[in-house]
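Single-letter residue listing:
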Amino acid sequence: MSLTVHVPVLAETDLLVCGGGTAGIATAWCAARHGARVLLLERWPTLGGMATNALVNIWHTSDRTKQVIYGFVQEAIDRGGEFVRRLPGFPTRLETHDFDCAGMRIVFHRMLREAGVRVLCNLTAVESLVEGDRLRGVLVDTKRGRRAILAKIVVDATGDGDVAAGAGAAFDYGRGDGRVQGMTLMFCLLGIDQSQLTAADARRVVGHMQELRDRGEFPAFWEQAARHYLGSGPTHLPYNMCPAAGNPLDEEELTRLTYETGEAVYRYLELWRREMPGFGAAQVEQLGFGLGVRESRRVRGRGALTGEMVVGAVKQSDAVGHGFWLIDIHDPKGSGYTTYHDQGPAIMPPVGESYHIPLSMCLNPTFANLAVVGRCASATHEACASVRLQSHCMVMGQGVGTAAALALDGGVDLAEVDVTRLQAVLRSDGAWIEDVPAADLTA
């Protein structure tokens, strides 16, 4: 006996974006700006993903001589107003802006509302609807029961590639041995007397933390970051020093790691109150709503970004923007070690240079109307460690969102969009795309 289940349709749209982090927001806003009907799904109650909910509140726009990421990223900076601060030393540092997480949740929602994007938070795509070489949409579980959302084009901005993987798209996981980049729980403190902080005290306290950790009596931590925060670092920023290692696709393991890292933060604070001048009255103001996940699935695309392309500042004919971050690998075993501090120029583009982020790393070879943006786009383990930055993910989002609008307007598939025209539209929208080589028509 066969059983037929009819699922009511919640919505039909031109473009469905699954994931309301910065990559998904950029995709949705840019597509709507060019006339597409867009619906954005987000699993958490508020928009911004890792940026706002996990307290990862820093953006990077400079190749260390000039700003090279504009477009949607600059729009978010400008719209952010008082919630966004440009960091000292701009543009000689890769890190150029930080922002107020709570305020940017509101700014992002306002931007999408003004663009006409329909936003549904508190909903997760639980199943991908496939018909031949196309996605028809996704199923979601609402408080009124299971519903279908249908779309002409689907963009996976989930971070973990859930929609693409659910459809059967090929993907890679981590570095090949079952491990992915380490995760971090961000946290904010208050009640610190910064006038009492000294580098000497920071070295002493961190040295004691290392001794306790090496004896198995203290949790792991990122040593260089701890010395910076305790010695002279700004006290208004979230602390990026509490590592975790595990499988971000295993919900039970992710739950355990989230609470273990929360306990570690309070272990740090207990010791700092006792031993670090200026921290006697310190308190935890906020823990990240979730762990900052850097890597899980990477969905194989029509093209892929590699570590050699990153370090070599390679330019590509289908560029949608620029990237420049180093190959910043956080220890997959959770020690807190990162290549950021000890490998330097060997793992980043030269000063004043940047690599191209290609459209092909976001387009899918199996499903004609599927694109992937964010850290789950097509890249090697090493390249993902660079292009996973929020500003780089927003570059992808702007490129794919604009391409989707052009595809819908022209009645063609994503891979059939004229790249030269796409780049012209992106530039007219403020994106910085330079040094584009001629396409290899023989490929």
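A.B. asks: Break down the overall build of the chain for me, citing the residues and quoting the values.
C.D. replies: Within the chain one finds 11 helices and 18 strands. Computed over the C-alpha atoms, the radius of gyration of the chain is 22 Å, within 12% of the 22 Å expected from 2.2 N^0.38 for a compact globule of 443 residues. If one aligns the C-alpha atoms of the chain with their principal axes, the spans along those axes are about 65 × 60 × 45 Å. Expressed as a percentage of the 443 residues in the chain, the buried residues total 57%. Summed over its atoms, the accessible surface of the chain is roughly 18,100 Å², and 49% of this surface lies on carbon and sulfur atoms. Each charge class in the chain can be summarised by its mean position, and for the 42 positive and 51 negative side chains these summaries are 3 Å apart.

A.B. asks: Before we move on, could you go through helix α2 (residues 71-80) and cite the residues and values that matter?
C.D. replies: Burial runs high along α2: 7 of the 10 residues are buried. Taken as a whole, α2 has its buried residues at G71, F72, V73, Q74, A76, I77 and G80. Elements that come into contact with the buried residues of α2 comprise α1 (22-33), β3 (58-60), β4 (84-86), β5 (95-99), α3 (101-115) and α10 (390-410). G81 sits one or two residues past α2 and shows a positive phi near 55 degrees.

A.B. asks: Go over the side chain of Q67, please, and point to the residues and values.
C.D. replies: Tracing the backbone through its elements, the reader meets Q67 in the loop between β3 and α2. Engagement of the side chain of Q67 in a polar contact is seen with the side chain of Q74, the distance being 2.8 Å.

A.B. asks: Give a detailed account of α3, specifying residues and quantitative values.
C.D. replies: Along its 15 residues, α3 runs 21 Å from first to last C-alpha, staying within 8% of the 21 Å computed at 1.5 Å per residue. Buried within α3 we find C101, G103, M104, R105, V107, F108, M111 and L112. The opening residue of α3 is D100, an N-cap whose side-chain oxygen sits 3.3 Å from the backbone nitrogen of A102. Looking one or two residues past α3, G116 carries a phi angle of roughly 90 degrees, positive in sign.

A.B. asks: Report on the environment of G80, specifying residues and quantitative values.
C.D. replies: Relative to the helices and strands, G80 is located in helix α2. Note: C-alpha distance between G80 and F108 (28 residues apart in sequence) is 8.5 Å. Not counting the four nearest positions on each side in its chain, G80 is found in contact with M104 and V107.

A.B. asks: How would you explain unusual backbone geometry if you had to name every residue and give the values?
C.D. replies: Put simply, F90 and P91 share a cis peptide bond, and its omega is 5 degrees. Here P91 shows up in the loop between β4 and β5. With phi around 85 degrees, R64 is a residue other than glycine that occupies positive phi space. Examined against the element boundaries, R64 turns out to sit in the loop between β3 and α2. Phi is positive for A313, close to 50 degrees, though the residue is something other than glycine. Locating A313 in the fold gives a position in the loop between α8 (307-311) and β16 (319-323).

A.B. asks: Hey, could you go over the packing of aromatic side chains for me, with residue numbers and the actual values?
C.D. replies: The tally for this structure, following the rule as stated, stands at 13 aromatic pairs. An angle of 85 degrees between the planes, with centres 5.3 Å apart, marks the rings of W44 and F289 as edge-to-face. Taken together, the residues span a long stretch of sequence, with W44 in the loop between β2 (38-42) and β3 and F289 in the loop between β14 (283-287) and β15 (297-299) at a distance of 245 residues. Aromatic rings pair up to connect F187, F218, F221, Y229, Y239, Y268, W272 and F279 into one cluster. Against the face of F171 rests R297, its NZ or CZ located 5.3 Å from the ring centre.

A.B. asks: A description of the layout of surface pockets should follow, citing residues and the corresponding values.
C.D. replies: Counted as a void, the second largest pocket has a volume near 240 Å³. Around the second largest pocket sit 15 residues that line it, and D100, C101, C188, H236 and Q286 are the ones nearest its centre. Elements with a minimum of two residues in the lining of the second largest pocket: α3, β12 (187-190) and β14. The element best represented in the lining of the second largest pocket is α3, accounting for 3 residues.

Scoring rules and cut-offs
Counting of residues starts from 1 at the beginning of each chain's written sequence and follows it residue by residue. Predicted model: local features are reported for residues with pLDDT of at least 70 only, side-chain atom pairs are reported and counted for 80 or more only, and whole-chain, interface and lining totals are derived from all residues. Hydrogens and water are ignored here; the side-chain numbers use all heavy atoms of the structure. Secondary structure is summarised from DSSP: a helix means a run of H or I of at least four residues, a strand means a run of E of at least two, and numbering begins at the N terminus for each. Radius of gyration here is computed from C-alpha atoms only, and the compact-globule reference equals 2.2 Å multiplied by the residue count raised to the power 0.38. Burial status follows relative accessibility: with a 1.4 Å probe on protein chains alone, a residue under 20% of its type maximum counts as buried, one over 50% as exposed, and anything between as partly exposed. Each accessible area is a Shrake-Rupley estimate made with a 1.4 Å probe; only the visible protein chains count as cover when residues are assessed. Counted as positive: Lys and Arg. Counted as negative: Asp and Glu, with His and the chain ends omitted from the count. For this purpose, a charge sits on NZ of Lys, CZ of Arg, CG of Asp or CD of Glu. Note on contacts: a residue pair is in contact if any heavy atoms of the two residues lie within 4.5 Å. Here a polar contact means two N or O atoms within 3.5 Å. Within protein one must be a hydrogen donor candidate and the other an acceptor candidate, and residues neighboring in sequence count only if both atoms are side-chain atoms. In this analysis, the expected span of each helix is defined as 1.5 Å times one less than the number of residues it contains. A pair of aromatic rings is counted whenever rings of Phe, Tyr or Trp (Trp by its six-membered ring) have centres within 6.5 Å, and the orientation is called stacked for planes under 30 degrees apart, edge-to-face for over 60 and tilted otherwise. In this scheme, the term charge over a ring applies when either NZ of a lysine or CZ of an arginine sits within 6 Å of the ring centre and within 35 degrees of the ring normal. Cavities and pockets were defined on a 1 Å grid built from protein atoms only: a cavity is a group of points that admits a 1.4 Å probe but offers it no way out, a pocket is an open group of points flanked by protein on both sides within 12 Å along at least five of seven lines, and a lining residue is one with an atom within 4 Å of any such point. Grid points are joined across faces, edges and corners, and a volume is the space filled by probe spheres set on the points.

Purely spatial values, then, with no claim about function.
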